[in-house]
Amino acid sequence: MVSLYNLNHLRELEAESIYVIREVAAQFEKPGLLFSGGKDSICIAHLARKAFYPAHIPFPLVHIDTGHNFPETLDFRDKLTKEYEANLIVKKVQDSIDQGRATEEKGTNASRNMLQTVTLLDAIEELQLDACLGGARRDEEKARAKERFFSHRDEFGQWDPKNQRPELWNLFNGRKTMGEHFRIFPISNWTEMDIWQYILLENIEIPRIYFSHKRNIIKRNGMLLADSDYLNKKEGETSEEMTVRFRTIGDMTCTGAVESSASSVAEVIEEVAAARETERGARADDKRTEAALEDRKKEGYF
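Numbering of residues starts from 1 in every chain and runs along the sequence as written. A pLDDT threshold of at least 70 governs which residues receive local features in this predicted model, and a stricter bar of 80 or more applies before side-chain atom pairs are shown or counted, although totals over entire chains, interfaces and linings include all residues. As a rule here, side-chain values cover all heavy atoms of the structure and leave hydrogens and water aside.

Bringing the pattern of salt bridges into the picture now. Take a side-chain nitrogen of Lys or Arg and a carboxyl oxygen of Asp or Glu: if they are within 4 Å of each other, that pair is a salt bridge. Under the defined criterion, the tally for this structure stands at 21 salt bridges. Here Arg11 ties to Glu202 by a salt bridge, and the two come within 2.9 Å at their closest N and O atoms. A residue pair is termed long-range when its members are at least 10 positions apart, and Arg11 in helix H1 (residues 4-27) and Glu202 in helix H6 (residues 192-202) qualify at 191 residues. Note on exposure labels: buried denotes an accessible area under 20% of the residue type's maximum, exposed denotes more than 50%, and partly exposed covers the range between, all computed with a 1.4 Å probe on protein chains only. Its relative accessible area of 31% is what places Arg11 among the partly exposed residues. Look at Glu202 and you get buried, because its relative accessible area is 18%. Across the salt bridge formed by Arg215 and Glu72, the nearest N and O atoms sit 2.5 Å from each other. You can see Arg215 sitting in strand S7 (residues 213-220) and its partner Glu72 sitting in helix H3 (residues 71-84), a full 143 residues away along the chain. For Arg215, a relative accessible area of 13% translates into the label buried. Counting from the N terminus, the helices are the DSSP runs of H or I reaching at least four residues and the strands are the DSSP runs of E reaching at least two.

Encoded structure:
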């Protein structure tokens, strides 16, 4: 499944990512790793572990918890952080709502995904993080494609795609003024296929939700949404049991599944190779407007 060419390619990507992670540790005083329990953040944690082995990861794993997460993801998050002996910090969107810092959306398409921005920016200020590593990749969405490895954010946490530093010859400029910080994307040059082939190569454990399983599903606007207490159902909407898996994992209210019989990493790789839609094509939050993700990123979203 992993040819000699792909093996060399994956090792080059791995080396590049580890270099970026080590640069973060060298240039910043209080970095944190934004960790959701999804496959990309799991790979980042795996790479960070490799980067500093046999020492532990020298910065905390920070989870912005919407309160509407898949239970499988939370269970895996806790298992992994215990195995890695990592420092896990959880900041909850519910606390932002209770404090009047964020307002719960109403209606059938309500989601807490956008509310993460407030909680994230508050967490960065409270923890005094000057860099946040995350698992975004340029192939995910057109807004992601504009990112640098070191993505500068102003004192309000905002992203200006026209005001980013050049990164020639893998030289990264982490200079900032008081209040500013950086979002760091070590796997920017990876694709979804690279991630899955690396998972196979390194035998990385990931949540079973990424593989074929039976789940009660609500069909809405061409999407397959997991039936849960968090999903506001339309009148007459009913769920049906389907065999599905998830390509990406976020808030349960906006993360769509795909029909699939892929029950192993090798089978997922075959499925991804034949896919004609990006993994974020199943995210309802990205479909609210043509530039939905870019608009959220400019406001401080990850």
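We are not done yet, so read on.
So, about the pairing of S7. Strand pairing is defined by DSSP finding a minimum of two bridges between the two strands. With five bridges connecting them, S7 and strand S9 (residues 240-245) associate as antiparallel partners. Counterpart to Asn216 in the pairing with S9 is Glu241. In this structure, S7 lies alongside strand S8 (residues 223-226), joined through four bridges in antiparallel fashion. In the strand pairing of S8, Arg220 is matched with Met223. Between S7 and S8, which pair antiparallel and follow one another directly, the connecting turn spans two residues, one of which, Asn221, has a positive phi of 50°.

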